[in-house]
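Summary of the model geometry
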Amino acid sequence: MATNKQTTKEIEVEKKSGLEEFIKKYGKILTTVFIAILVITAAALAVSNWYVKPLKEEAKGQTFTAEQYFRAGNYESALNGDGNALGFAEIIKEYGTKGGKAVYFYAGICELQLKNYQGALDYLKKYKGGDKILSARAQACIGDAYVGLGNIEAGLSQYEKAASMADNAYAAQYLLKAGIAAEELGQKDKAVSLYKKIEVEYPQSVEAYDIQKYIVRAQN
């Protein structure tokens, strides 16, 4: 029994000696690494608190006037500013997404309303917001931009994608756009299928009220 106790004690002494030897050998390196981590963490917090956060607040403040112009339907001023306040295009150049991910969405809609279709595509494709309704609308607007550029097939694909993402009353709106695009491409059977989907799945939508005329037109 005494031998076992002595052996255990010897093991503990060896472990302690090994730890002391490890600290003696690598202590300076460990201390340097620990200090470096503290410095990097402190620097990151300082940058976040003293630079990034104030910049985000500044950017959000700049979007206020642009959003007001957007809601009023003044898309030129909303996009390019009014000489005093910045527009979404300038906010994106200066702040990126610090003004919020929606700045790309707003800028894209402005370009679309101004019939600058390529510009609309460039902005809308960069929108990565998490809002389901806005994301679906962005896809539909990308479809509008493609149609504006004469690429109806790409527009149709986008409308269908938007409808699948929406999963609400807005889906009927996107399905109607898809049906019209399908008709323009001569895909009448597909158009009828899309129109009937509105009739069956979204009977209370505005689009469903006169969907029969679209169905009849596509069937003839």
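Residues numbered from 1 in each chain as written. Predicted model: local features only at pLDDT ≥ 70, side-chain atom pairs only at ≥ 80, totals over all residues. Heavy atoms only, no water.

The subject of this paragraph is the nonpolar core. One finds F70, F88, F105, Y123 and L124 to be the most contacted residues of the largest nonpolar core, which totals 28 residues. Considering every element that reaches this core, the biggest residue donor is helix 4 (residues 102–113), with eight residues. If we ignore the near neighbours within four places in the chain, the residues touching L124 are Y104, F105, G108, I109, A138, C141 and I142. Judged by nonpolar contacts, the second largest core, of 27 residues, contains L176, A182, Y195 and I198. (Core = buried A, V, L, I, M, F, W, Y, C linked by side-chain atoms within 4.5 Å. Buried < 20%, exposed > 50% of the residue type's maximum accessible area, 1.4 Å probe, protein only. Helix = DSSP H or I, 4+ residues; strand = E, 2+ residues; numbered from the N terminus. Contact = heavy atoms within 4.5 Å.)

By secondary structure assignment, the location of S77 is in helix 2 (residues 75–80). On the accessibility criterion, S77 (15% relative accessible area) is buried. Sequence-distant contacts of S77, defined by excluding residues within four places in its chain, comprise Y69, D82 and G87.

Here we take up the environment of G130. On the secondary structure map, G130 appears in the loop between helix 5 (117–124) and helix 6 (132–148). Along the backbone, G130 and A102 are 28 residues apart, and their C-alpha atoms lie at a distance of 9.7 Å.

Right, let's get into unusual backbone geometry. Of note, K115 is a non-glycine position whose phi angle comes to about 65 degrees, a positive value. Among the secondary structure elements, K115 is positioned in the loop between helix 4 and helix 5.

What follows covers the packing of aromatic side chains. One pass over the structure, following the stated rule, counts six aromatic pairs. Look at F70 and Y75: their rings are 5.6 Å apart centre to centre, the planes differ by 85 degrees, and that puts the pair in the edge-to-face class. Residue classification places F70 among the buried positions, given a relative accessible area of 12%. Taken together, a centroid distance of 4.8 Å and an interplanar angle of 70 degrees make the contact between F70 and Y106 edge-to-face. Separated by 36 residues along the polypeptide, F70 in helix 1 (residues 2–71) and Y106 in helix 4 bring together distant segments of the chain. Each of the two residues, F70 as well as Y106, counts as buried. Among the aromatic side chains, those forming a connected cluster through ring pairs are F70, Y75, F88, F105, Y106 and Y127. (Phe/Tyr/Trp six-rings, centres within 6.5 Å; stacked < 30°, edge-to-face > 60°.)

Now for the confidence of the model for the protein chain. As a general rule, the predicted coordinates of low-pLDDT regions are not to be interpreted in detail. Summing up the model confidence of the protein chain, the mean pLDDT is 82 and the portion of residues at 70 or higher is 72%. Within the protein chain, helix 5 carries the highest mean pLDDT (97), whereas helix 1 carries the lowest (59). For residues 42–56, every residue scores under 50 in pLDDT, and the model assigns this stretch eight contacts once sequence neighbours within four places are set aside. (pLDDT = per-residue confidence, 0-100.)

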